[in-house]
Amino acid sequence: MSASDSSAATFFTKHRQAILVGTAAVAMAAAIGGAYYLSSSSGAGSSTGGSSAEKKKKKKAKSKKKNGKDEPENVSELDEDDPRRMTEADIQLMDPDARAKLALTLKGRGNKSYSAKKFTEAIEFYTKAIECEEQAVFYSNRAACYTNLNQQEKVIEDCTDALRLDPSYIKALNRRATAREALGGLDQLYLSLCDFTAAAIIDNFATESTQVSVERVMKRLATEKAAELLKTREPRLPSATFIKAYLEAFRPHSAPPLPANPSQGDKTLQLAFDALVAKDFSHAMTLFHEALEQNISTPLGEAEALNMRATFRFIVSDAAAALVDLDRSTTICPEQAQGWVKKASVHMELGQPEEAFRDFDRALEVDPENPDVYYHRGQVYFITGEYVKAMAEYQKSSELDPVFIFSHIQLAVARYKSGETEKAMHQFRKFLKEFSTSPEVFNYYGELLLDQQKYEEAVANFERSIELDKDTVPRNVLPMINRALALFQWKQDFALAESICREAIEIDPQCDIGVATLAQLLLQQNKVHEAVGMFERSAEMSRTEPELINALTFENATCAQIAFITSYPSYAEKLGLNRSA
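Residues numbered from 1 in each chain as written. Predicted model: local features only at pLDDT ≥ 70, side-chain atom pairs only at ≥ 80, totals over all residues. Heavy atoms only, no water.

J.: Tell me what's going on with the overall build of the protein, and back it up with residues and numbers.
T.: Of regular secondary structure, the protein possesses 30 helices and zero strands. Sorting the 581 residues of the protein into buried and exposed places 48% on the buried side. Surface exposure of the protein reaches about 27,800 Å², of which carbon and sulfur atoms provide 51%. (Helix = DSSP H or I, 4+ residues; strand = E, 2+ residues; numbered from the N terminus. Buried < 20%, exposed > 50% of the residue type's maximum accessible area, 1.4 Å probe, protein only. Areas by Shrake-Rupley, 256 points an atom, 1.4 Å probe, with all protein chains shown as cover.)

Following this line, the structure appears as structure tokens:
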């Protein structure tokens, strides 16, 4: 999705560089030296030598230091002329100019104590300076002391006061953000993200460390929030389009025949396969489970039921439970190659590639001419970027089953990915003639054309795919989403692209890609409040933890943008952002 020339899209493009999840996070130091945080100020000069009493005072002061940290001093031990002895009444009696001058003196003394790492002493000077005159820098400097004493709540309190006086004070924003990050928890992390985001925008993204901080906090927030949500989330089926596509990646086979005297489990298993044929996936999933609970009388029937229950468990992202079922299924009927192929997919999902390839080998041992084995092993090579090996597998699968369109499509796509662009496009043009009624061929060909920015031709192929698929149940809306993206990139037509996405989602409300694409389009148009709703919906649809983290990342980033627009309307106006959008 390319950025438009509108001010809103320009803002998003630039803002996105700071807010999207980065591949690496740079740790920030817990405390930064006084030269960065504190402005220098001349204080009382120290003399060398001095009286015996003065040396005793110095010795006594040194004894108060312990483990590199200062201990609070008793006011009664302060020199008579120490400004910290002044009461509020004394300060109020001074004229404004004298108070202002005293405030600067106290700030200078505080800076000196801070540089000497006497943080408690520095706090006393800054506190007295604030009593003389409220300045944002006094609060911010005192917050720096609390940072070093690990008193994060007080850091937040002082930075909030500093920002009350100077809302654009970047150091205070960064310091408060760091304190909130240190406290942790979803609420504090979100507020930290808002502060870091505001600092980055106000600073015009000039400071790389702030952008890194945004990325770090956003990643942590999304990861922790995802973990919390997954603890209580019930398994749910994804879009019917997704389920149909996954099931069609395997060659269909009939339900096992009913025995002469079928049990209730046998009958329920038959109903489960009937629901599968009718594309009633939710009902089918329930029935496969019920059939196993009711006891199936034949080993083949039990193996098939376990295979299909595992399939649905895998679809709802319960890979561990799917593996248990597939272990039982392949133990009962080890001669069923498809069970081993599905086990390979589950092992890949669980990050066990060696086990996956052993499963493929077992499948070929029982059925060397099974095209599913080669197709799915090709898929493994494809997702790991081993395109040459993938092409060999797809080729073998195509030879064994020439009518299975997906082997042909993936072969051409793998060729394209490997850099053989002309050969891949030539193959697709051949497929368009051989499989002229296949909506998948036109859709995939359109995607390759879109990748080459051949927009007009891409749109034509997407439209042909849509036409061929219009009477299919369930209807595949991905060509519609692709058409919306192509028109947006080609003509920058936000309204039309948005309209197409909305139509697709109306047809398939569970289409996660459609919802995520619409959310991005809304964000590009600065419809941030509606975009947040779509990102929330995208998070609800997420099947896997990485998908959920990605959706939450965009949701949190957009919420932080809204928070900035609300807190800094003048900046939002300069950036062309509509506060009510």
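J.: Can you break down the packing of aromatic side chains residue by residue, with the values?
T.: Enumeration over the complete set of coordinates arrives at 19 aromatic pairs. An angle of 65° between the planes, with centres 5.6 Å apart, marks the rings of Phe-404 and Phe-406 as edge-to-face. Ring geometry for Phe-564 and Tyr-571: centres 6.2 Å apart, planes at 55°, overall tilted. Among the residues examined, Tyr-571 registers a relative accessible area of 22% and is labelled partly exposed. The structure contains a cluster of three or more aromatic residues connected by ring pairs, namely Tyr-375, Tyr-394, Phe-404 and Phe-406. Its guanidinium or amino end placed over the ring of Phe-404, Arg-251 lies 3.6 Å from that ring's centre, counting from NZ or CZ. Sitting over the face of the ring of Phe-442, Arg-464 holds its NZ or CZ atom 5.9 Å from the ring centroid. (Phe/Tyr/Trp six-rings, centres within 6.5 Å; stacked < 30°, edge-to-face > 60°. Lys NZ or Arg CZ within 6 Å of the ring centre and 35° of its normal.)

J.: Would you mind going over helix α20 (residues 387-400) in detail, with residue names and values included?
T.: Here α20 spans 20 Å end to end across 14 residues, near enough to the 20 Å set by a 1.5 Å rise per residue. Along α20, the positions that sit buried rather than exposed are Ala-390, Met-391, Glu-393, Tyr-394, Ser-397 and Ser-398. The arc that holds every buried residue of α20, seen down its axis, measures 165°, which confines them to one face. Opposite the buried face of α20, by more than 90 degrees, sit the exposed residues Val-388 and Glu-399. Next to the buried residues of α20 lie α19 (371-383) and α21 (405-417). (Expected span 1.5 Å × (residues − 1). Arc of directions from axis to C-beta. Contact = heavy atoms within 4.5 Å.)

J.: Help me get a handle on the nonpolar core, residues and values and all.
T.: Within the largest apolar cluster, 105 residues are counted, with the highest numbers of intra-cluster contacts made by Leu-276, Phe-288, Phe-312, Phe-428 and Val-441. With eight residues, α21 is the single largest residue contributor to this core. With residues near it in sequence (within four places) discarded, Leu-276 still touches Leu-247, Phe-281, Ala-284, Phe-288, Met-308 and Phe-312. (Core = buried A, V, L, I, M, F, W, Y, C linked by side-chain atoms within 4.5 Å.)

J.: How would you sum up the environment of Tyr-387? Please name residues and give values.
T.: As for its placement among the helices and strands, Tyr-387 is situated in helix α20. Taking the C-alpha atoms as reference points, Tyr-387 and Gly-419, separated by 32 residues in sequence, lie 9.7 Å from one another. With near-sequence residues (within four places) excluded, Tyr-387 lies in contact with Phe-382, Ala-414, Lys-417 and Ser-418.

J.: I'd like to hear about the environment of Phe-488, residue by residue, with values.
T.: Following the sequence through the fold, Phe-488 ends up in helix α25 (residues 478-491). According to the relative accessible area criterion, Phe-488 is buried, its value standing at 0%. Each C-alpha atom of the pair Phe-488 and Leu-521 lies 8.9 Å from the other, and the pair is 33 residues apart in sequence.

J.: Please provide a residue-by-residue account of unusual backbone geometry, values included.
T.: The peptide bond linking Val-473 to Pro-474 adopts the cis configuration, its omega dihedral lying at -10°. Considering the arrangement of structural elements, one finds Pro-474 in the loop between α24 (455-469) and α25. Notably, Asn-295 is not glycine yet its phi reads approximately 75°, a positive angle. Within the fold, Asn-295 resides in the loop between α14 (281-293) and α15 (299-315).

J.: So what's going on with the pattern of salt bridges? Which residues, and what values?
T.: Evaluated as defined, the whole model comprises 29 salt bridges. The shortest N-O distance in the salt bridge between Lys-128 and Glu-131 comes to 3.2 Å. Placement of the pair is Lys-128 and Glu-131 together in helix α6 (residues 119-132), with a separation of three residues, close to one helical turn. Across the pair Asp-158 and Arg-142 runs a salt bridge, and its minimum N-O distance is 2.7 Å. Placement of Asp-158 in helix α8 (residues 152-165) and of Arg-142 in helix α7 (residues 136-148) is noted, with a sequence separation of 16 residues between them. The same class applies to Asp-158 as to Arg-142, namely buried. (Salt bridge = Lys/Arg side-chain N within 4 Å of Asp/Glu carboxyl O.)

J.: Tell me about the packing of helix α5 (residues 96-115) against α7, residues and numbers included.
T.: Look at α5 against α7: their axes get within 11 Å of each other, and the N-to-C directions meet at 20°. As summarised for this structure, α5 and α7 are arranged roughly parallel, according to the angle between their axes. Along this stretch, α5 crosses α7, giving a crossing that reads as left-handed. Contact residues: Ala-103, Lys-107, Asn-111 and Tyr-114 in α5; Val-137, Phe-138, Asn-141, Ala-144, Cys-145 and Asn-148 in α7. In the contact of α5 with α7, the residues fall into six nonpolar, three polar and one charged. (Axes fitted to C-alpha atoms, helices over the stretch in contact; angles between N-to-C directions. Parallel < 35°, antiparallel > 145°, perpendicular 65-115°, else oblique. Left-handed = near helix turned anticlockwise from the far one by under 90°. Nonpolar A, V, L, I, M, F, W, Y, C, P; charged D, E, K, R; others polar.)

J.: Which residues make up the environment of Gln-561, and what are the values?
T.: Looking at where Gln-561 falls in the secondary structure, it is placed in helix α29 (residues 545-567). Expressed as a C-alpha distance, the spacing of Gln-561 and Thr-197, which sit 364 residues apart in the sequence, is 7.5 Å.

J.: Tell me what's going on with the side chain of Glu-181, and back it up with residues and numbers.
T.: Turning to its location among the elements, Glu-181 is positioned in helix α9 (residues 170-183). Only 2.7 Å separates the side chain of Glu-181 from the side chain of Arg-216, close enough to count as a polar contact. The residues touching Glu-181, leaving out its near neighbours within four places in the chain, are Leu-189, Ser-192, Phe-196, Arg-216, Val-217 and Arg-220. (Polar contact = N/O pair within 3.5 Å; in protein donor to acceptor, adjacent residues only side chain to side chain.)

J.: Summarise the confidence of the model for the protein; cite the residues concerned and give the values.
T.: Averaged over every residue, the pLDDT of the protein is 86; the share at 70 or more is 85%. This model gives residues 1-76 a pLDDT under 50, and the stretch forms 113 contacts once residues within four places in sequence are excluded. (pLDDT = per-residue confidence, 0-100.)

J.: Quick rundown of helix α13 (residues 264-277)? Include the residues and the values.
T.: An ideal rise of 1.5 Å per residue puts 20 Å on 14 residues; α13 measures up with 20 Å between its terminal C-alpha atoms. Where α13 is concerned, the buried positions are Gly-265, Asp-266, Thr-268, Leu-269, Ala-272, Phe-273, Ala-275 and Leu-276. Lys-279 occupies a position one or two residues after α13 and carries a positive phi of about 65°.

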